[in-house]
Amino acid sequence: MHTRFRLCSYPYITLAFQTRSPSKMASSGFCSLVPTVTSLFSSHALARWRSSSMSPPPLRISRAFSAATTVPISSSFTWDDVIETGREEYTPHNSSDLTGFLEKVDRCNRGSEKLAEFIPFVIEEQIVGYIHKGFTEYLREFHDIFTFSQNGSYHDRVDGFVTLNLMLEKPEDRTRAVADVIKVLGDKGIIPGIRNELYPVKPSFNAPVIFSLERAAAPYFGIKGYGVHMNGYVERDAQKFLWIGKRSLSKSTYPGMLDHLVAGGLPHGISCGENLVKECEEEAGISKAIADRAIAVGAVSYMDIDQYCFKRDVLFCYDLELPQDFVPKNQDGEVESFKLIPVAQVANVIRKKTSFFKANCSLVIIDFLFRHGYLPLSPTISLERIKLLTIIYPGF
């Protein structure tokens, strides 16, 4: 049985996914979504607005905390710093100002003006990624694996495209050959942080896997990456709290920063539902019996260019209401500690000019704020709010 599922709980948001009922999510895998999450650079259709009653108390937004005010941060910040930043005295007063949230969205969508610096990565006549022209110079040394075409037949790109040697016909052959290249580039420090974890390379989520690529190399080849992010929350006395994790300082990426209770990339050969259950156990000690209650609520996506790296990520979002007495316990050493924080205070932390949170976590939490009524929609919605929705919900 399938359930019609909206990205937001308000009737005038018309983006919808077809996904299995929540009770079957883990066994079947949430990621069997029918529609494809579209590119942030595609056109956006604005939904029709109509009035709706919203029961949760709205989070008020303030202009008092000006854009010029910056809260200094580093990976050595403490939970006291986080709580102080989100304290009630700073609760905003003007719901029309979404500047702080928009800045967090923009942080995940940098570099669109640099798209011309990248050329398509094409396999089996399908674009699977984009590679910076500067980075291709490293790949030219491996002419028995990578080949370069100048015919400009893909999207009228006059600079041609990169592909793999046609002798590499099978996915496993491509995986093995490219892995040898990544090892050399990793040993030279050109691609840092090798994880020995494979990501599937394919033109879209439901397409067959063309080959598998080392996770750390994925942004250098501009392939689409997928992940699962879960908001773990508790409700007490009609108030919602989010469990927030602080990443271990030993992590190779974003050490010491705030993160979701559970989040992880989607490696090759595992469904979203299976991956979520696995991450729940490893990151927070959540049993499968509880993890199976997680509700698939949609997806957010972003495109971020930083030097040679082009991240094109889609995050499948989940909500899990946890027992009031639940206390997370990390099992894999990747989380330093956890804190249960009122949702309104978490919103304040994201709204302000801080970088406490790992950047893409802000997108998923903003999605949570909309769906749970902390950033309510109305018939008189502002242009800023429309911009925010069209970025987080591509195609909205």
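Conventions we followed
- Residues numbered from 1 in each chain as written.
- Predicted model: local features only at pLDDT ≥ 70, side-chain atom pairs only at ≥ 80, totals over all residues.
- Heavy atoms only, no water.
- Helix = DSSP H or I, 4+ residues; strand = E, 2+ residues; numbered from the N terminus.
- Buried < 20%, exposed > 50% of the residue type's maximum accessible area, 1.4 Å probe, protein only.
- Contact = heavy atoms within 4.5 Å.
- pLDDT = per-residue confidence, 0-100.
- Polar contact = N/O pair within 3.5 Å; in protein donor to acceptor, adjacent residues only side chain to side chain.
- Pairing = 2+ DSSP bridges.
- Axes fitted to C-alpha atoms, helices over the stretch in contact; angles between N-to-C directions.
- Parallel < 35°, antiparallel > 145°, perpendicular 65-115°, else oblique.
- Left-handed = near helix turned anticlockwise from the far one by under 90°.
- Nonpolar A, V, L, I, M, F, W, Y, C, P; charged D, E, K, R; others polar.

Novice: Requested: an account of the side chain of Ser212, with residues and values cited.
Specialist: Here Ser212 shows up in strand S8 (residues 211-214). When its relative accessible area of 7% is taken as the criterion, Ser212 is described as buried. With sequence-adjacent residues up to four places away left out, Ser212 is seen in contact with Thr175, Leu198, Tyr199, Pro200, Val201 and His268.

Novice: If you had to explain the confidence of the model for the protein to someone new, which residues and values would you point to?
Specialist: On average, the protein scores 79 in pLDDT, and the residues at 70 or more come to 73%. Mean pLDDT across the elements of the protein bottoms out in strand S1 (residues 2-6) (31) and peaks in helix H6 (residues 218-221) (98).

Novice: Break down the environment of Arg351 for me, with residues and values.
Specialist: Take Arg351: it is sitting in helix H9 (residues 343-351). Between the C-alpha atoms of Arg351 and Gly86, which are 265 residues apart in sequence, the distance is 9.3 Å. Of the polar contacts made by the side chain of Arg351, one reaches the side chain of Asn348; its length is 3.2 Å.

Novice: Pulling in residues and values, what's your account of the pairing of strand S13 (residues 295-306)?
Specialist: Burial within S13 is extensive, with 10 of its 12 residues counted as buried. In this structure, S13 lies alongside strand S14 (residues 309-321), joined through 11 bridges in antiparallel fashion. Across the sheet, the residue bridging to Asp304 is Lys311, located in S14. Counted between consecutive antiparallel strands, the loop separating S13 from S14 contains 2 residues, among which Gln307 sits at a positive phi close to 55°.

Novice: Residue-level account of the side chain of Asn275, with values.
Specialist: Along the chain, Asn275 turns up in helix H7 (residues 272-284). Here Asn275 falls in the buried class, since its relative accessible area comes to 0%.

Novice: Describe the packing of helix H3 (residues 99-107) against helix H10 (residues 359-371), and please don't skip the residues or the numbers.
Specialist: Between H3 and H10, whose axes approach to 8 Å, the crossing angle comes to 135°. What the angle tells us is that H3 and H10 run oblique. Handedness of the crossing formed by H3 with H10: left-handed. Listed contacts from H10 to Phe101, Lys104, Val105 and Arg107 of H3 are Ala359, Ser362, Leu363, Ile366 and Leu369. A per-class count over the contact of H3 with H10 returns 6 nonpolar, 1 polar and 2 charged.

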